[in-house]
Amino acid sequence: MATFVDTVADVAEAYEGFCGLADGTRTFEDPADTYPVLGDVSGPVRLLRQVLDQLSRAHADHRSIAFTDDRIPAVALVLATADKLHQAAEGLDEVGDRVMRAHEASGRITWYTHSSPEPERSRR
């Protein structure tokens, strides 16, 4: 369970959860289960965008105390890292939008399995 105070522990738990998700989505016995999974995946994508922005800001905000192993100020390296994190966060906007559109499209699908009635076929 998330601690909300220990970021390192929380990210380790999130990683384990995503490992389980990656393993669990290798196959679906009932394709209808993809709909709620898509819905629940869109939230973490949006939250990951927030996390990357916050990591970017943390780097930039603390640049005055950043040094290389040789004790050389690392301001340029910190700002480059912050910029790359911000760019990655912006890329997740498109990912989130695409997942949301996929979720909406998936919601219009009716899956007919062996235990469900056959769809009516139109006659010509």
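Residues numbered from 1 in each chain as written. Predicted model: local features only at pLDDT ≥ 70, side-chain atom pairs only at ≥ 80, totals over all residues. Heavy atoms only, no water.

S.K.: Looking at this structure, I do not really get the overall build of the chain. What am I missing?
M.R.: Counting secondary structure elements, the chain contains three helices and zero strands. For 124 residues, the compact-globule formula gives about 14 Å, and the C-alpha radius of gyration of the chain, at 21 Å, lies well above that figure. A principal-axis box enclosing the C-alpha atoms of the chain has dimensions of 80 × 35 × 20 Å. Going through the 124 residues of the chain one by one, you find that 15% of them count as buried. Pairs at least 24 apart in sequence give 58% of the contacts found in the chain among residues at least 6 apart. As displayed, the chain has an accessible area near 10100 Å², and 57% of this comes from carbon and sulfur atoms. With 13 positive and 21 negative side-chain charges, the chain shows a spacing of 9 Å between the two charge centroids. (Helix = DSSP H or I, 4+ residues; strand = E, 2+ residues; numbered from the N terminus. Rg over C-alpha atoms; globule rule 2.2 N^0.38 Å. Buried < 20%, exposed > 50% of the residue type's maximum accessible area, 1.4 Å probe, protein only. Contact = heavy atoms within 4.5 Å. Areas by Shrake-Rupley, 256 points an atom, 1.4 Å probe, with all protein chains shown as cover. Lys, Arg positive; Asp, Glu negative; His and termini not counted. Charge placed at Lys NZ, Arg CZ, Asp CG, Glu CD.)

S.K.: In this structure, what is going on with the packing of helix H2 (residues 34–61) against helix H3 (residues 75–106)? I would like to understand it.
M.R.: Axis separation between H2 and H3 bottoms out at 8 Å; the angle between their running directions is 165°. Taken as axis vectors, H2 and H3 run roughly antiparallel relative to one another. Both H2 and H3 take part in a crossing whose hand is left-handed. Split by residue class, the contact of H2 with H3 holds 19 nonpolar, ten polar and six charged. (Axes fitted to C-alpha atoms, helices over the stretch in contact; angles between N-to-C directions. Parallel < 35°, antiparallel > 145°, perpendicular 65-115°, else oblique. Left-handed = near helix turned anticlockwise from the far one by under 90°. Nonpolar A, V, L, I, M, F, W, Y, C, P; charged D, E, K, R; others polar.)

S.K.: Any chance you could explain the nonpolar core here in plain terms?
M.R.: Across soluble globular proteins, you tend to see nonpolar side chains buried next to one another. The biggest cluster of nonpolar side chains holds five residues, and these are Val-45, Leu-52, Leu-85, Ala-89 and Leu-92. For this core, the secondary structure elements donating two or more residues are H2 and H3. For this core, the leading source of residues is H3, giving three residues. Among all residues touching Leu-52, those that are not within four sequence positions of it are Leu-85, Ala-88, Ala-89 and Leu-92. (Core = buried A, V, L, I, M, F, W, Y, C linked by side-chain atoms within 4.5 Å.)

S.K.: Would you mind showing me how to read unusual backbone geometry here?
M.R.: With the exception of glycine, most residues fall at negative phi, and the peptide bonds are largely trans. Located in the positive-phi region is Phe-4, a residue other than glycine, with phi close to 65°. Topologically, Phe-4 is positioned in the segment before helix H1 (7–24). The phi dihedral of Arg-71 falls on the positive side, at around 65°, and the residue is not glycine. Among the secondary structure elements, Arg-71 is positioned in the loop between H2 and H3.

S.K.: Can you walk me through a nonpolar patch on the surface in this structure?
M.R.: On the surface, a cluster of nonpolar side chains totalling about 230 Å² of accessible area is made up of Leu-48, Val-51 and Leu-55. By secondary structure assignment, the location of Leu-55 is in helix H2. (Patch = residues over 30% accessible without salt bridge, like charges linked within 9 Å, V, L, I, M, F, W, Y side chains within 5 Å. Salt bridge = Lys/Arg side-chain N within 4 Å of Asp/Glu carboxyl O.)

S.K.: Could you clarify how one ought to interpret the environment of Val-45 in this entry?
M.R.: Considering the arrangement of structural elements, one finds Val-45 in helix H2. Not counting residues up to four positions away in its chain, the partners in contact with Val-45 are Leu-92, Val-95 and Gly-96.

S.K.: Just checking my understanding: could you explain the side chain of Ser-42 for this structure?
M.R.: Along the polypeptide, Ser-42 turns up in helix H2. A distance of 2.9 Å separates the side chain of Ser-42 from the backbone oxygen of Gly-39, its partner in a polar contact. (Polar contact = N/O pair within 3.5 Å; in protein donor to acceptor, adjacent residues only side chain to side chain.)

S.K.: Would you take a moment to explain H3 for this structure?
M.R.: Between the first and last C-alpha of H3 there are 46 Å, a value that for 32 residues agrees with the 46 Å anticipated at 1.5 Å per step. The complete set of buried residues in H3 reads Val-78, Ala-82, Leu-85, Ala-89, Leu-92, Gly-96, Val-99, His-103 and Ser-106. Looking at the packing, one finds that the buried side of H3 touches H2. (Expected span 1.5 Å × (residues − 1).)

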